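Take a look at the letters that make up each chain.
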Amino acid sequence: MESTHTCPYCDMPAAKLSRCSGCKKAVYCSKECQKEHWPSHIFDCQPGRPINTAYRLYRAALRDVFPEDPETRRDYGFEKAARILGGNAESELLGLYRGLLIFQHVPPKDVHKWRLQGRLGELVQATYEKIPPENRGGYYLWFLQHQSLLQNDVPDDELVQEYVSRSIRAAWVKTGGPPGDSLNVIQNKIMLLSPARKACHILYRGLVNSVHPHPIQDEWVSFGFVSTVAEKEEHVLGVAYLALASACSFEEFCTAHERAGMPALFERYGLQCSPFFRDVMAQGPSVRKSVWDLKQYAADAPAAGARVELIRPVWADYGYMFAQDEAESQLLDGVYRRYFTHARANPPDLHQACVQGRLFAYLQDFGLWTPAGREAELLRDRLLRNMYPLSFLEDAEEPTEDDSGEPGAGIDGGGEREADMDDGEPDESEAGVDTPPSSSSANVSAVRGNFVPPTRSEEPSRHSLPEQETPTPGPRSMYSYAATAALGLASIFRGWT
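Residues numbered from 1 in each chain as written. Predicted model: local features only at pLDDT ≥ 70, side-chain atom pairs only at ≥ 80, totals over all residues. Heavy atoms only, no water.

A. Structural view of the overall build of the protein. Counting secondary structure elements, the protein contains 24 helices and eight strands. Expressed as a percentage of its 497 residues, the buried residues of the protein come to 48%. For the protein, contacts bridging at least 24 residues in sequence account for 59% of all contacts bridging at least 6. Carbon and sulfur atoms form 49% of the exposed surface of the protein, whose accessible area is close to 25000 Å². (Helix = DSSP H or I, 4+ residues; strand = E, 2+ residues; numbered from the N terminus. Buried < 20%, exposed > 50% of the residue type's maximum accessible area, 1.4 Å probe, protein only. Contact = heavy atoms within 4.5 Å. Areas by Shrake-Rupley, 256 points an atom, 1.4 Å probe, with all protein chains shown as cover.)

B. Representation of the packing of aromatic side chains. Overall, the coordinates contain 22 aromatic pairs when judged by the stated rule. Note on Y128 and Y140: the rings are 4.9 Å apart at their centroids and 5° apart in plane angle, and the pair reads as stacked. You can see Y128 sitting in helix α7 (residues 120-129) and its partner Y140 sitting in helix α8 (residues 137-145), a full twelve residues away along the chain. For the ring pair Y339 and F366, a centre distance of 5.1 Å and an interplane angle of 80° mean the geometry is edge-to-face. One end of the pair, Y339, is in helix α19 (residues 326-340); the other, F366, is in the loop between α21 (359-363) and α22 (374-383), and 27 residues separate them in sequence. Residue classification places Y339 among the buried residues on the basis of a relative accessible area of 0%. Relative accessible area serves as the criterion here: at 8%, F366 is assigned to the buried category. Members of the aromatic cluster, each reached through a chain of ring pairs, are Y204, F223, F225, Y241, F250, F253, F266 and F277. (Phe/Tyr/Trp six-rings, centres within 6.5 Å; stacked < 30°, edge-to-face > 60°.)

C. Structural detail: unusual backbone geometry. Residue Y388 is joined to P389 through a cis peptide bond whose omega torsion reads -10°. Here P389 shows up in the loop between α22 and α23 (391-397). Its identity is not glycine, yet H105 carries a phi of approximately 55°, on the positive side. Its identity is not glycine, yet A260 carries a phi of approximately 60°, on the positive side. Structurally, A260 can be placed in the loop between α14 (250-258) and α15 (262-268).

D. Representation of the pattern of salt bridges within the structure. Inspection of the entire model under this criterion finds 16 salt bridges. For the salt bridge of E251 with R197, the shortest nitrogen-to-oxygen distance reads 2.8 Å. Residue E251 is found in helix α14, and its partner R197 is found in helix α11 (residues 195-207); the two are separated by 54 residues along the sequence. Here E251 falls in the partly exposed class, since its relative accessible area comes to 44%. When its relative accessible area of 18% is taken as the criterion, R197 is described as buried. Through salt bridges with shared partners, a single ionic network connects R197, E251 and E258. (Salt bridge = Lys/Arg side-chain N within 4 Å of Asp/Glu carboxyl O.)

E. The packing of helix α17 (residues 290-299) against helix α20 (residues 347-355), seen in detail. The contact between α17 and α20 brings their axes to 9 Å, and the two run at 120°. Between α17 and α20 lies a crossing whose hand is right-handed. Note on element contacts: α20 touches α17 through P347, P348, L350 and H351, opposite V291, W292 and L294. Looking at the contact of α17 with α20 residue by residue, the class counts come to six nonpolar, one polar and no charged. (Axes fitted to C-alpha atoms, helices over the stretch in contact; angles between N-to-C directions. Left-handed = near helix turned anticlockwise from the far one by under 90°. Nonpolar A, V, L, I, M, F, W, Y, C, P; charged D, E, K, R; others polar.)

F. Representation of the environment of Q272. Considering the arrangement of structural elements, one finds Q272 in the loop between α15 and α16 (275-281). Taking the relative accessible area as the measure of exposure, Q272 reaches 76% and is therefore exposed. Measuring from C-alpha to C-alpha, the distance between Q272 and A240 comes to 8.3 Å, with 32 residues separating the pair along the chain.

Given below as structure tokens:
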């Protein structure tokens, strides 16, 4: 009985057989099928033989996955795209190669030659230009803006400069700026804007590239990305912002951001937002609960061992002011990192525990440390403590009468801060310090911008109070990011598709 074979390329029964001369195992229905299947069969034909990276690129394109081989990623621009552009740059590049290798049937050996000749970008473009414009697809349009990725002689800093410049200009036009403005004019105009409007420009700069702020940016907090509980939810919020930016005017967007109206703007355009998002955005960009800054601090660099300065409210509210050395600071780092990744984590609840002076009592139910032992004792007796509840706030809730009989007269800052009661202006020693309102603890306690703790003579060096509140970028290998201030304003973003 005659044996039946199925061609491994076309899956059709093979009447006439063409056997691979290398492995002597694979059989094909024709020489044409054998030739077409070779870029895939090469990996099984003679294991251990040298295979150039163009074939590895073909296999990744065929499987529609990013190449993992470091040499392939370096040869064909994936490593540079991830490092310089981040976001969905690798997806765009993979789509470009799929069109070239799978749909245009360019042999991998030809792509290999193009790269060795230093003409990869040039000949990729020449191949696509032969296709009717309506059939070239979006990946090719993206490539035309990033051809330098395939030029090995272009330094990274030039690529960064090009990417940042293009992002600034695209965001400027999207926000209604004159297209003819030079880059210097655009930057100068942006620098004259309020901090809130500058932040909106930074967000739009990412949106034009389908990316959103990285946790090391303040915009990650001020636009509510800190409220998300998983990467998928964070990406969904990024897509919602992209839809919102396409639906509303930039002026409408900025006004909502400045006036704590972003949740209402979301609803106006049929977009949903979570209760945590509403909590972050409830008081506008300049004032927020310090628990969200704590989450930002815990989310990134401390886990990688980088040194990130704590802003003053977090330092005072969440026990860091009582840490006597690096080990104690790291103990708190670990507690808060584990808390924010816990399934039952609820930052507003942690905030309430903070202002009630109940940090240890609240956190001990989450199993964040060994119940018995020195660490638990240290956390209970010293580290998970703060100055709440504040006595002057408790007094303010029950107005008292002084000798004149006026309600509330004589109430001061409870020994923490004193407001000048004579003329309403702070004296020289209090210059620059906001006097907290005396209505309720919910309005002032642990809210960024409203509370300044008393200074201590000896603060741990790691958490000395910084001149700037922007954290230092720390390693975060799973997210690539572009230049930090190549042209003035930060442009470090996470990507989403």
